[in-house]
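Each chain, letter by letter, is given below.
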Amino acid sequence: MTETITVFDLDGTLCDDGPLSVSSETVTAIQTLKKKNILPVIATGRSHYEITALLDQLDLHTYILANGCYIIYNDRLIQNYHFPIDKIESVIRMANHYHDDVGFFNQQGFAITGMNELTRNHVNKNHLDQVPIYPEFFRHEPVNFLNLYIKDDKEALYQSAFKNQLSILRYAPDAVDVMPLEISKAKGISKIQQLIGNPNLKIYAFGDQNNDLSMFSLADYGISMKQSSDQLKQRATYIADSDHGVLEGLHHYHLI
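Note that the structure is a prediction, hence the values are computed from the model and not measured.

Participant: Teacher, can you tell me more about the environment of Gly-109 here?
Facilitator: Assignment of secondary structure puts Gly-109 in the loop between strand E6 (101–105) and strand E7 (110–112). Its relative accessible area of 14% is what places Gly-109 among the buried residues. Note: C-alpha distance between Gly-109 and Ser-47 (62 residues apart in sequence) is 7.8 Å. Setting aside anything within four residues of it in sequence, one finds Gly-109 in contact with Tyr-49, Phe-104 and Phe-137.

Listed below in C-alpha cells is the structure:
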C-alpha cells in the first residue's frame, strides 16, 4: 500500500527550468520517488492539452488539473467538473462592467472574451500563440474554470461580489483563477487519498502561489519555493533557499 505521496504544482515549482520544462535532475528525482514507492502527483491550474508531453516525459499517471476540476488516478478519470453557465454569466457581467477580460478553460482548449493591454501582456509573458477570442465559448463547450486578467487593485472587488459563491485566487501578477467553492487542489488530493485507502498516508505538497494554499492546509508537510507568496510561506513547514526548491525540499525530508 502507498504510504507517501508528493504533490507538485507545476509553474514556478516542479517546472523550474522554464515554462512546462523540467531539469534532468528533476526527472531523476521523480524516478527515484517511484522506485521508493512514493507516489508523485501533479496538482496544477493547467489543463491536459498543455501538459501531455510533460506527463509522458515524467511517466506520471495520477494528476489533478484545472486546480481540482479534472482528476485522473492511475489513468482513470475520477472527476471532470463543469462550471455552471449561470455563474459564468455573472462573472462576465462584472468583467464587462470593469472592462476586464475573462478566460474559459477545459481539458481540450481555451478561449478569452477579449484582448486588452493587460491580457496581452499576460499572454505574451506565458508565450501563448494563436489565442482564440470567442466570448460565446462557454455556451458551446464545457468549461472547467475561469481566469480573470486583473491586477491586485481589482481583486478585492471580485472577491466581495462573489463572497460565499466563488473562490478567486491569484496565480500570476496579472491573473487570478476563478473556481467554484467546492473545487480545490486540496479536495482533489482528498479524493486520491480516499482511493489509496491508507488512513496514515503522508502528504508532502510543493507550491509557490496562493492557489496552493488549500493543499498546504491539508498536507502533513508544505514546501514553499523561494519566490512563493507571503501567505504560502506562512503555511509552509519548509521554505526553500535555492532556485531549485523541489529538489531542496525532497532532500530536506529525505525523500530522495
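Participant: Quick question: what am I supposed to make of helix H2 (residues 48–58) here?
Facilitator: For H2, the set of buried residues is Ile-51, Leu-54, Leu-55 and Leu-58. Seen from one end, H2 has its buried residues packed into an arc of 110°, which puts them on one side. Opposite the packed face of H2, turned more than 90 degrees from it, sit the exposed residues Ala-53 and Asp-56. Summarising the contacts, the buried residues of H2 are in contact with helix H1 (24–35), strand E2 (38–43) and strand E3 (63–65). Asp-59 sits one or two positions beyond H2 and adopts a positive phi of about 55°.

Participant: Please clarify how the packing of aromatic side chains should be interpreted in this entry.
Facilitator: To describe a pair of aromatic rings, you give the distance between the ring centres and the angle between the ring planes. Inspection of the entire model under this criterion finds 12 aromatic pairs. Between Tyr-204 and Tyr-221 the ring centres are 4.6 Å apart and the planes differ by 15°, which places this aromatic pair in the stacked class. Placement of Tyr-204 in strand E11 (residues 202–207) and of Tyr-221 in strand E12 (residues 221–224) is noted, with a sequence separation of 17 residues between them. Among the residues examined, Tyr-221 registers a relative accessible area of 27% and is labelled partly exposed. For the ring pair Tyr-238 and Tyr-253, a centre distance of 6.4 Å and an interplane angle of 75° mean the geometry is edge-to-face. Placement of Tyr-238 in strand E13 (residues 238–239) and of Tyr-253 in the segment after helix H10 (245–252) is noted, with a sequence separation of 15 residues between them. Taken individually, Tyr-238 and Tyr-253 each receive the classification buried, so the pair is uniform in this respect. Each member of the aromatic cluster is reached from another via a ring pair, and the members are Tyr-49, Phe-105, Phe-110 and Phe-145.

Participant: Quick question: what am I supposed to make of the state of the cysteines here?
Facilitator: Two cysteines form a disulfide when their sulfur atoms are joined by a covalent bond. Evaluation of the coordinates by the stated rule reveals 0 disulfides. Free of any disulfide, Cys-69 has its nearest neighbouring cysteine sulfur in Cys-15, separated by 20 Å. The class of Cys-69 is buried, set by a relative accessible area of 0%.

Participant: Would you mind showing me how to read the nonpolar core here?
Facilitator: Soluble globular proteins tend to pack their nonpolar side chains together in the buried interior. Core analysis: the largest hydrophobic core is formed by 30 residues, its most contacted members being Phe-8, Leu-14, Ile-42, Leu-58, Phe-206 and Leu-250. With residues up to four places along the chain from it excluded, the contact list for Ile-42 reads Phe-8, Leu-10, Leu-14, Leu-55, Leu-60, Thr-62, Tyr-63 and Ile-64. Listed in part, the 21 residues of the second largest apolar core include Ile-92, Ala-95, Ile-150 and Tyr-158.

Participant: Is there a simple way to explain unusual backbone geometry in this structure?
Facilitator: Glycine aside, the phi torsion of most residues is negative, and most peptide linkages are trans. Phi at Asp-75 takes a positive value of approximately 70°, unusual for a residue other than glycine. Mapped onto the secondary structure, Asp-75 falls in the loop between strand E4 (70–73) and strand E5 (76–80). One non-glycine residue with positive phi stands out, namely His-99, at about 60°. Tracing the sequence through the fold places His-99 in the loop between helix H3 (85–97) and E6.

Calculation notes
- Residues numbered from 1 in each chain as written.
- Predicted model: local features only at pLDDT ≥ 70, side-chain atom pairs only at ≥ 80, totals over all residues.
- Heavy atoms only, no water.
- Helix = DSSP H or I, 4+ residues; strand = E, 2+ residues; numbered from the N terminus.
- Buried < 20%, exposed > 50% of the residue type's maximum accessible area, 1.4 Å probe, protein only.
- Contact = heavy atoms within 4.5 Å.
- Arc of directions from axis to C-beta.
- Phe/Tyr/Trp six-rings, centres within 6.5 Å; stacked < 30°, edge-to-face > 60°.
- Disulfide = S-S within 2.5 Å.
- Core = buried A, V, L, I, M, F, W, Y, C linked by side-chain atoms within 4.5 Å.

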